[in-house]
Structures are given as C-alpha cells and as structure tokens.
Amino acid sequence: MALRPVMVNVKALDPSAVGRFWAEALGWSAYSPGVTTYVGPAGGLVWPDPVFVGIDVVPVPEPRTSAKNRVHLDLATTSAAHQAELVARLKSLGATPADVGQGEVPWTVLADPEGNEFCVLEPREIYRDTGPIAAVVIDCTDPRAMARFWDKAMDWTLHEVSDDQAVLRSAKGAGPYLEFLRTPDVKTAPDRFHLDLLPYPGDDKAAEVARLRALGATDLDLGQGDVPWTCLADPEGHEFCVLAPS
C-alpha cells in the first residue's frame, strides 16, 4: 500500500482567476471540469493515475487572513536572467511583492492575486529537473517529527532530515520536492494550501486512511459533509486529503 501527492489544493474566492494566474505562471493549462479549476501540464486531466503534482483551485467564501501561509510553493529558475524575467512576467500577471521577514535573500518573495505567498528561487542545481515547481514548502516546529510521519505516509524518498529541515521527493526522481522547514511560530488557523494524496489504482483507500491514523493523523472536519475524500491533519495540524482512487 502507498500514497503519493498528486495535487496542491488552493482555496480561493475566485478559483477561475487564481487558476488562470497559476497556469500562466507555470506555463501549464487550466481546466474547469466542475466547480474547481485544475492546473497542470498540457494534455488535460490524467486520472485516476496522474504522474505529476498539479494544482486544484477550489472555491471558498472566506478571504485569506493576514497571517502568513504555512504552505507555499517555490518556483525554479535556470539562470539569473530567467529569474528576473519570471519575476517581471509574474508581476505583469498580477503578482505583488511580499514581505515575510525574509530580509536580503537571493530569491524573490511574491504573492498571487489573492495574497498567497510564493518564492521565485535563484538558480539551484538541486532543482534543475523539477519542472516549474521546485518545491512545496511547509512550515513546522519539528522537521524530524514531520519526516517520521510523512516518510511512512507516502511512498516518496526521504533525502534529508535535520533539526532545521526535512526533504522528500518522489522515488522516481521527478517533480518537485516536499520540504518541511523549522519555524518558531505554530499553526493557528487552516491554511489556504494543502496536499491531496491519492492511492494507486487497486489500493484500498479506507485501509490507507486507517494506516495514516495509526501513524498519528487525526480526522478533520472542515464542513466538507459527505464527500468521497477524507480530510485529515498530520501531527502538527497541517491539513491534507486522501482522495478516492476513481
């Protein structure tokens, strides 16, 4: 049995507009199969066995709070010129500079049209083959504890773990990294971004959910009602969903 991240779920007041932004930002396409807007590489939805981590923008009635998101995306670049060009293009699409206390750093912090922070990284060798999303980054207080949970929760490979960060990536060596970075603040509110996990075809979703609970995940009520996915939280309260395999 195994699970893999297949989508970053993004809450938005205007999912169509936010979806279009992220499609343009990543050089991907936006699809609206229903009330959500799915963003992924050209070719349409690949379901029930996607081979990449896409973005699913879902409508919510509440605007985001002023608190910094504890989950954000890092975007990859291939050169200093590419970084400068991408930052300029993102601003033309509606991104705005964001100050999260980063100080003087080689990366650029921006916010999407609804204020969700993300980073445009300077060129880094480690991200040369990730595609446009270098990493999904999650703030936490204990990266080692996050590594213990997520290393067993998913079939991704644990690349690094220390007091300051934990890093995982698909065992196939493709797509973005998942990074847990130590921060002094604790989680106090639901985030605007979270991971959606999917069993492989033929695997038992109920058994996977039971396995996650045994690892320390807890059930989460977000007002979702009777839906085919299961909402859970990891040991530090980060929300995630286990999707139905079909």
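What comes next concerns the included structure.

1. Remarks on the overall build of the protein
Stage number 1. Scanning the protein for helices and strands turns up four helices and 16 strands.
Stage number 2. For a compact globule of 246 residues, the expected C-alpha radius of gyration is about 18 Å, and the protein comes in at 17 Å, within 12% of that figure.
Stage number 3. Its C-alpha atoms give the protein principal-axis dimensions of about 50 × 40 × 35 Å.
Stage number 4. Taken over 246 residues, the protein has a buried fraction of 49%.

2. A closer look at the sheet that holds strand β16 (residues 239-242)
Stage number 1. Spatially, β2-β3-β4-β1-β13-β16-β15-β14 is the arrangement adopted by the eight strands of the open sheet, whose pairing is mixed. A strand with exactly one partner marks an edge of an open sheet, and here the two such strands are β2 (29-31) and β14 (218-219).
Stage number 2. Where β2 meets strand β3 (residues 37-40), three bridges bridge the pair, whose relative direction is antiparallel. Across the sheet, the residue bridging to Ala30 is Val39, located in β3.

3. Examining the packing of helix α1 (residues 15-26) against helix α2 (residues 80-92)
Stage number 1. For the pair α1 and α2, interaxial distance at closest approach is 10 Å and the crossing angle is 160 degrees. Considering the angle they form, α1 stands roughly antiparallel to α2. Between α1 and α2 lies a crossing whose hand is right-handed. Across the interface between the two elements, Phe21, Glu24 and Ala25 of α1 pack against Leu86, Arg89 and Leu90 of α2.
Stage number 2. When the residues that make up the contact of α1 with α2 are grouped by side-chain class, the tally is four nonpolar, no polar and two charged.

4. A closer look at helix α4 (residues 205-215)
Stage number 1. Lys205, Glu208, Val209 and Leu212 are the residues of α4 that are buried. Viewed along the axis of α4, the buried residues span an arc of 100 degrees, placing them on a single side of the element. Those residues of α4 that are exposed and angled more than 90 degrees off the buried face are Ala206 and Ala214.
Stage number 2. The secondary structure elements touched by the buried residues of α4 are β1 (3-12), α3 (143-153), β13 (193-199), β15 (230-233) and β16.
Stage number 3. Looking at where α4 begins, the residue whose side-chain oxygen comes 2.9 Å from the main-chain nitrogen of Ala206 is Asp204.
Stage number 4. In the stretch just after α4, Gly216 is the one whose phi turns positive, near 120 degrees.

5. A short note on α1
Stage number 1. The terminal C-alpha atoms of α1, which comprises 12 residues, lie 16 Å apart, in line with the 16 Å expected from a rise of 1.5 Å per residue.
Stage number 2. Among the residues of α1, those classed as buried are Pro15, Val18, Gly19, Phe21, Trp22, Ala23, Ala25 and Leu26.

6. Some points on the nonpolar core
Stage number 1. The biggest cluster of nonpolar side chains holds 49 residues, and the ones touching the most others in it are Trp22, Ile55, Leu90 and Trp150.
Stage number 2. Looking at which element gives the most residues to this core, the answer is α1, with six residues.
Stage number 3. Those residues in contact with Leu90 that sit more than four places away from it in its chain are Phe21, Ala25, Leu75, Ala95, Leu110, Phe118 and Val120.
Stage number 4. If you look at the next biggest cluster of nonpolar residues, it comprises 12 residues, including Ala98, Val109, Ala134 and Val137.

Conventions adopted
- Residues numbered from 1 in each chain as written.
- Predicted model: local features only at pLDDT ≥ 70, side-chain atom pairs only at ≥ 80, totals over all residues.
- Heavy atoms only, no water.
- Helix = DSSP H or I, 4+ residues; strand = E, 2+ residues; numbered from the N terminus.
- Rg over C-alpha atoms; globule rule 2.2 N^0.38 Å.
- Buried < 20%, exposed > 50% of the residue type's maximum accessible area, 1.4 Å probe, protein only.
- Pairing = 2+ DSSP bridges.
- Axes fitted to C-alpha atoms, helices over the stretch in contact; angles between N-to-C directions.
- Parallel < 35°, antiparallel > 145°, perpendicular 65-115°, else oblique.
- Left-handed = near helix turned anticlockwise from the far one by under 90°.
- Contact = heavy atoms within 4.5 Å.
- Nonpolar A, V, L, I, M, F, W, Y, C, P; charged D, E, K, R; others polar.
- Arc of directions from axis to C-beta.
- Polar contact = N/O pair within 3.5 Å; in protein donor to acceptor, adjacent residues only side chain to side chain.
- Expected span 1.5 Å × (residues − 1).
- Core = buried A, V, L, I, M, F, W, Y, C linked by side-chain atoms within 4.5 Å.

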